[in-house]
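Coordinates in review
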Amino acid sequence: MATSRQVLALIAATLLAAPNCKPDESAKPQATGAGAIPEDRVPAGGVVPAANALSAPRPANLNPEAGGGLFSAMNCDGCHGGGAVGWVGPSLVDGRWRYGGEDDAIFTSIFYGRPQGMPAYGGVIGTDGVWMLVSYIKSQATPDVVPTTSWLAGGNAAAAPAAAKEGQQEPGGAAPVPPEPAPKKEEAAVPPDQMPAKYGCTACHAVDKKVVGPSFQDVAGKYRGKDVEAQLVEKVKKGGAGVWGQIPMTPNPQVPDSDLHAMVKWILSLK
Amino acid sequence: MLVLLVCLGALLAAPVLAQGTDGDWTMPAKDYASTRYSRLAQITPANATRLRPVWTFSTGVLAGHQGQPIVVNQTMYVVTPWPNVLYAFDLTQEGYPLKWKYRPDVSPNAIGIACCDVINRGAFYADGKIIYNLLDGHTVAVDAASGKQVWKTQIADVGNGETTPMAPFVVKDRVIVGAAGGEFGIYGFVKGLDLKTGKLLWTGRNIGPDAEMLVNSSTFKPFYDKGKDLGKSSWPGETWKIGGAPVWGWMSYDPELDLVYYGVGNPSPYNAEQRVGDNKWTSSVLARRPSDGSLVWGYQFTPHDNWDYDAVSTMILADVQIGGKPRKALVTFNKNGFQYTLDRATGEVLAAPPYVQVTWAKSIDLKTGRPVLDSSKQTGASKGNVKDVCPSLEGGVSPASPAAYSPRTGLFYTSTNNMCMDFAATEAQHFRGTPFIGAGTPYHAGPGGHLGAFMAWDANRGKKVWELKEHFPNWSGALVTAGDVAFYGTLDGWFKAVDAKTGKLLYKQKVGSGVVGNPISYRGPDGKQYVAVYAGIGGDWFLLAGDVRSDDPADVRPPSDPYKDIGRYTSQGGMVWIFGL
């Protein structure tokens, strides 16, 4: 059975072959030498991203919810605000863009950073991770921001729009408290081997090779014969660093415990 | 009765540690005691109604204009927010034309790494030089006469999440500076540079092992805390290495004790469950020797801070009556809602009454120096959304709006915020150069529904003397003069003069943009008293106020509760204003 990552790669390759998928040249980073970013970019985590990484159109089947988890786990909300409504960094959900709102342009902004302090995240979350963030951002509804703000009687600012509640945050860039989640409709259960894609793990991990994080096979090999399920469940939930190097594992509070145990069992069973 | 008590306070108050000539304003807080008290007395409650604007200047920069001008040798020096232009105005000529302007090359990377707008808190004049920080981690000294750069020293690294909004502080031949970055998991510090050359002479960490904090166990004598390596042992594992402890506020100096005092900011991340322990010396005041940086005492206002209560508010050195006796005190209005009066020789807490609504703690235990906590207001990722924590993390007083003290009235004057917050912490991961926070904390108005005020406070009795309620949070610094007039500005763009004894409004003027800067007073070449202040909303209000910007068509935001009307009254824009009779 093909792993989810292989499926993604297949889809990507198919899409690449199609016309009309040429990356936007103008959105390309200024410096593309190996391991280089322009001087006016800050590398997130101190890890400089690979050159020429924009390799495919956005894979079609990414889960925006997992991208939302990554948006928070990678501290994007620390500057763009929870729900990406804007904070010290600009709003990403007002339908307006400094560097273009096309997939390629957003990918480039995240992967290579932008001047004025947008860090280059490509080095720590890789191509898949950046595409997941793009899928999250593009899935957000654009709120009713209109060119006119009116305080006249009956004007749109006379009563605060509902969206205003999301704008209140604290300095230093933390996210506002998200609204209580609507009761989720019962999702079809997925088998453990599809959970990594569902929960966004494939942004950093693959079954059979190192991506940003170690391959699942390497993880299984390291702990073969040891009773580490509970420990790894905790690690996936809370994140951490040091075992596989200094690039930290992001926390994944979005994964329900039952799925977490099933997924960890599956990972540890890999040969 | 009130007036009688106020006069009594004035009689009992001993002289303050005022520096410089009366007519100049050479350092951020006027003097080493940080009183922001001007001994000029031409402007009085009787004539202040005749105040009028005499001059304005657009700085050409839109970000938040915190800080204040300085005035030396009939020249006014103004530092803008990033890109940190330094202007020198000739006050002897009509229209105050520029003598020169200095435009440093400042990295734009600092824009996104500064947590809360690209503000600058001002310059310090010493030894013929104007000394200030560029936001991208450099300190510069510029010749006050010619505008030529004398030296430039890198003291912080933007790639680490460090930026430098504070004003340097100069004592003898040392320039003392620190870095912001409590939202980026920095390893906080202060540094001592040589005034003549800018050479780095010492670095004292605010957290970590004794050796790196410049602690000598024979001379470090905190009043309450004993033991070795407290800045390390009060953290789990090596979390102190990314524990924050920024320095972005103000400093004071007592020449008799030869101690520099400064506040240390919050621990990182906001989710306190990732850093179980006291987290010393975050949210603390530290007292150091300026010559070598050695630490003499420390006091932690908020142990295991889980509300982002940075302790970087101004530390005013004044004599306060405790039990009927004058004590050499350090007075500060902490973000956490308590007004602390400390013995400035030892760090002993002499009094700590609340000055706004406080819910996170019931009181401060004067025996132990520790807060008596309300267990229902402790935050952390496992605790979910903790409601109604007061004050909000903007502080009962924002450290960005320093208080003033008049030895004539014996009263302290300060802007206050009347806001509470809900605090929902989440797990956070540290990636160098990115935010390290882990909390969502929306605000709401405290009791009464108004969001801010300006008040006179009697530290002898731990009581408010008068208060002027403001519709919006109040974010300007305070100025008080020997004419018994106090000055402040509001977020909706009014500059106000009030009677220092009674709080009666004497004069107000709309100044073009919200005021988050600090008024000063000086004597002009014509011998007359003037008052100067910046307008230019920003700082946290760049983030919080919703749509107050008009310069970026790609960034449009809805109005923001609970201050959704701010955009109706003000927009961004940096202006220098001078008022006179």
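Here, every reference points to the structure presented above.
Computed from a predicted model, the values in this text were never measured in an experiment. (Residues numbered from 1 in each chain as written. Chains lettered and ligands numbered in written order. Predicted model: local features only at pLDDT ≥ 70, side-chain atom pairs only at ≥ 80, totals over all residues. Heavy atoms only, no water.)

A few points about the overall build of chain B
- Counting its regular elements, chain B contains six helices and 39 strands.
- Viewed in the frame of its principal axes, chain B has a C-alpha envelope of about 60 × 55 × 55 Å.
- Out of the 581 residues in chain B, the part that is buried amounts to 69%.
- Counting every atom, chain B has about 17,300 Å² of accessible surface; 52% of that belongs to carbon and sulfur. (Helix = DSSP H or I, 4+ residues; strand = E, 2+ residues; numbered from the N terminus. Buried < 20%, exposed > 50% of the residue type's maximum accessible area, 1.4 Å probe, protein only. Areas by Shrake-Rupley, 256 points an atom, 1.4 Å probe, with all protein chains shown as cover.)

Points about the sheet that holds strand β35 (residues 494-499) of chain B
Residue and element names in this part refer to chain B.
- Pairing within the open sheet is mixed, and its five strands lie in the order β1-β33-β34-β35-β36. Edge positions in the open sheet fall to β1 (37-38) and β36 (505-510), since each of these has one partner strand only.
- Direction of pairing for strand β33 (residues 479-481) relative to strand β34 (residues 485-489): antiparallel, over a ladder of two bridges. Pairing of Val480 across the sheet is with Ala486, part of β34. (Pairing = 2+ DSSP bridges.)

Details of the environment of Met213 of chain B
Residue and element names in this part refer to chain B.
- Assignment of secondary structure puts Met213 in helix α3 (residues 210-213).
- A relative accessible area of 1% places Met213 in the buried class.
- Separated by 339 residues in the primary sequence, Met213 and Asp552 have C-alpha atoms spaced 43 Å apart.
- Those residues in contact with Met213, other than ones at most four positions away along the chain, are Arg205, Asn206, Ile207, Gly208, Gly231, Trp281, Leu286, Arg288 and Leu295. (Contact = heavy atoms within 4.5 Å.)

Thoughts on the pattern of salt bridges
Residue and element names in this part refer to chain B.
- Tallying each qualifying case throughout the model produces 31 salt bridges over all chains.
- Note that Lys280 is salt-bridged to Asp225, the shortest N-O span being 3.4 Å. Residue Lys280 is located in the loop between β16 (259-263) and β17 (284-288), and its partner Asp225 is located in the loop between α3 and α4 (230-233); the two are separated by 55 residues in the primary sequence.
- Between Asp555 and Arg549 there is a salt bridge, and its shortest N-O distance comes to 3.0 Å. (Salt bridge = Lys/Arg side-chain N within 4 Å of Asp/Glu carboxyl O.)

Quick word on the state of the cysteines
- A full pass over the atoms with the stated rule returns two disulfides over all chains.
- Residue Cys115 of chain B pairs covalently with Cys116 of chain B via a disulfide, S to S 2.0 Å. The sign of the -105° torsion about the S-S bond sets the Cys115 of chain B-Cys116 of chain B disulfide as left-handed.
- If you count the bonded cysteines of chain B from the N-terminus, they pair up as 1-2, 3-4.
- Looking at the unpaired Cys76 of chain A, the closest cysteine sulfur is the one in Cys79 of chain A, lying at 9.0 Å.
- With a relative accessible area of 10%, Cys76 of chain A lands in the buried category. (Disulfide = S-S within 2.5 Å.)

Some details on helix α7 (residues 216-223) of chain A
Residue and element names in this part refer to chain A.
- When α7 is considered as a whole, its buried residues turn out to be Phe216, Val219, Ala220 and Tyr223. Seen from one end, α7 has its buried residues packed into an arc of 100°, which puts them on one side.
- Looking at the buried residues of α7, the elements they touch are α6 (195-198), α8 (229-238) and α9 (257-269).
- Just past α7, the residue Gly225 takes up positive phi, approximately 80°. (Arc of directions from axis to C-beta.)

Let's talk about the packing of helix α4 (residues 103-112) of chain A against helix α5 (residues 122-139) of chain A
Residues and elements named next belong to chain A.
- Look at α4 against α5: their axes get within 9 Å of each other, and the N-to-C directions meet at 140°. With respect to each other, α4 and α5 are oriented oblique. Where α4 crosses over α5, the handedness of that crossing is right-handed. Side by side, α4 and α5 meet where Asp103, Asp104, Ile106, Phe107, Ile110 and Phe111 of the first sit next to Gly122, Gly126, Thr127, Val130, Trp131, Leu133, Val134, Ile137 and Lys138 of the second. (Axes fitted to C-alpha atoms, helices over the stretch in contact; angles between N-to-C directions. Parallel < 35°, antiparallel > 145°, perpendicular 65-115°, else oblique. Left-handed = near helix turned anticlockwise from the far one by under 90°.)

Description of the pairing of strand β21 (residues 339-343) of chain B
Residue and element names in this part refer to chain B.
- When you tally the buried positions in β21, you get five out of five residues, the bulk of the element.
- Covered by surrounding structure in β21 are Gln339, Thr341 and Asp343 together with Tyr340 and Leu342, the residues of both alternating faces.
- Both strand β20 (residues 325-333) and β21 contribute to a ladder of five bridges, which runs antiparallel. When the bridges of β21 are listed, Ala329 appears paired with Asp343.
- Relative to strand β22 (residues 349-351), β21 runs antiparallel, the two sharing two bridges.

A short note on the interface of chain B and chain A
- With 50 residues of chain B in contact, the opposing surface of chain A contributes 55 residues.
- Summing the contributions of chain B and of chain A, the shared interface buries around 4,200 Å²; its carbon and sulfur component is 60%.
- Connecting chain B to chain A are one salt bridge.
- Here Asp552 of chain B makes a salt bridge to Arg98 of chain A, at a shortest N to O gap of 2.7 Å.
- For the pair chain B and chain A, the interface holds 12 residue pairs in polar contact (both at pLDDT 80 or more).
- Breaking the side of chain B that touches chain A down by element, the ones donating at least two residues are α2 (109-113), β29 (439-440), α5 (540-544) and α6 (566-569) of chain B.
- When the residues that make up the side of chain B that touches chain A are grouped by side-chain class, the tally is 23 nonpolar, 12 polar and 15 charged. (Buried area = accessible area lost by both parts, 1.4 Å probe. Polar contact = N/O pair within 3.5 Å; in protein donor to acceptor, adjacent residues only side chain to side chain. Nonpolar A, V, L, I, M, F, W, Y, C, P; charged D, E, K, R; others polar.)

Brief notes about the packing of aromatic side chains
Residues and elements named next belong to chain B.
- Using the criterion set out here, one finds 44 aromatic pairs over all chains in the structure.
- Look at Phe57 and Phe89: their rings are 4.7 Å apart centre to centre, the planes differ by 70°, and that puts the pair in the edge-to-face class. Linking Phe57 in strand β2 (residues 52-58) with Phe89 in strand β5 (residues 86-90), this pair joins segments that are 32 residues apart in sequence.
- Phe89 sits in the buried class, given a relative accessible area of 1%.
- Aromatic side chains Trp307 and Trp360 sit 4.8 Å apart centroid to centroid with 45° between the ring planes, which places their arrangement in the tilted category. A residue pair is termed long-range when its members are at least 10 positions apart, and Trp307 in the loop between β18 (295-300) and β19 (316-322) and Trp360 in the loop between β22 and β23 (361-364) qualify at 53 residues.
- Of the residues examined, Trp307 reaches a relative accessible area of 0% and is grouped as buried.
- A connected cluster of aromatic rings, assembled from ring pairs, spans Phe223, Tyr224, Tyr299, Phe301, Trp307, Tyr309, Phe338, Tyr340 and Trp360.
- The ring of Phe189 has Lys191 sitting right over it, with the charged end atom 4.6 Å from the ring centre.
- In this structure, Arg205 packs its charged tip against the face of Tyr187, placed 4.0 Å from the ring centre. (Phe/Tyr/Trp six-rings, centres within 6.5 Å; stacked < 30°, edge-to-face > 60°. Lys NZ or Arg CZ within 6 Å of the ring centre and 35° of its normal.)

A word on the pairing of strand β12 (residues 174-178) of chain B
All names here are of chain B.
- Most of β12 is tucked away: five of the five residues are buried.
- Every second residue of β12 is oriented toward a common face, with Arg174, Ile176 and Gly178 on one face and Val175 and Val177 on the other, all of them buried.
- In this sheet, β12 lies alongside strand β11 (residues 169-171) in antiparallel orientation, the contact comprising three bridges. The residue bridging Val171 from the neighbouring strand is Arg174, located in β12.
- Hairpin geometry of β11 and β12 is characterised by an intervening segment of two residues between the two adjacent antiparallel strands and by a positive phi of about 50° at Lys172.

Overview of the side chain of His80 of chain A
All names here are of chain A.
- Tracing the sequence through the fold places His80 in helix α3 (residues 77-80).
- A polar atom in the side chain of His80 sits 2.9 Å from the backbone oxygen of Pro90.
- When near neighbours in sequence (up to four residues on either side) are disregarded, His80 contacts Phe71, Val85, Gly86, Trp87, Gly89, Pro90, Leu92 and Met118.

Concerning the nonpolar core
All names here are of chain B.
- Tyr299 and Trp541 are the most contacted members of the largest nonpolar core, which totals 55 residues.
- If you list the elements that add at least two residues to this core, you get β16, β17, β18, β21, β23, β25 (385-389), β28 (419-425) and α5.
- The contacts of Tyr299, once residues within four sequence positions are left out, are Tyr224, Trp281, Ser284, Val285, Tyr340, Leu342, Gly347, Val349, Ile364 and Gly369. (Core = buried A, V, L, I, M, F, W, Y, C linked by side-chain atoms within 4.5 Å.)

Overview of the side chain of Ser392 of chain B
- By secondary structure assignment, the location of Ser392 of chain B is in the loop between β25 and β26 (404-406).
- Setting aside its immediate chain neighbours within four residues, Ser392 of chain B contacts Tyr309, Met419, Cys420, Met421 and Tyr443 of chain B.

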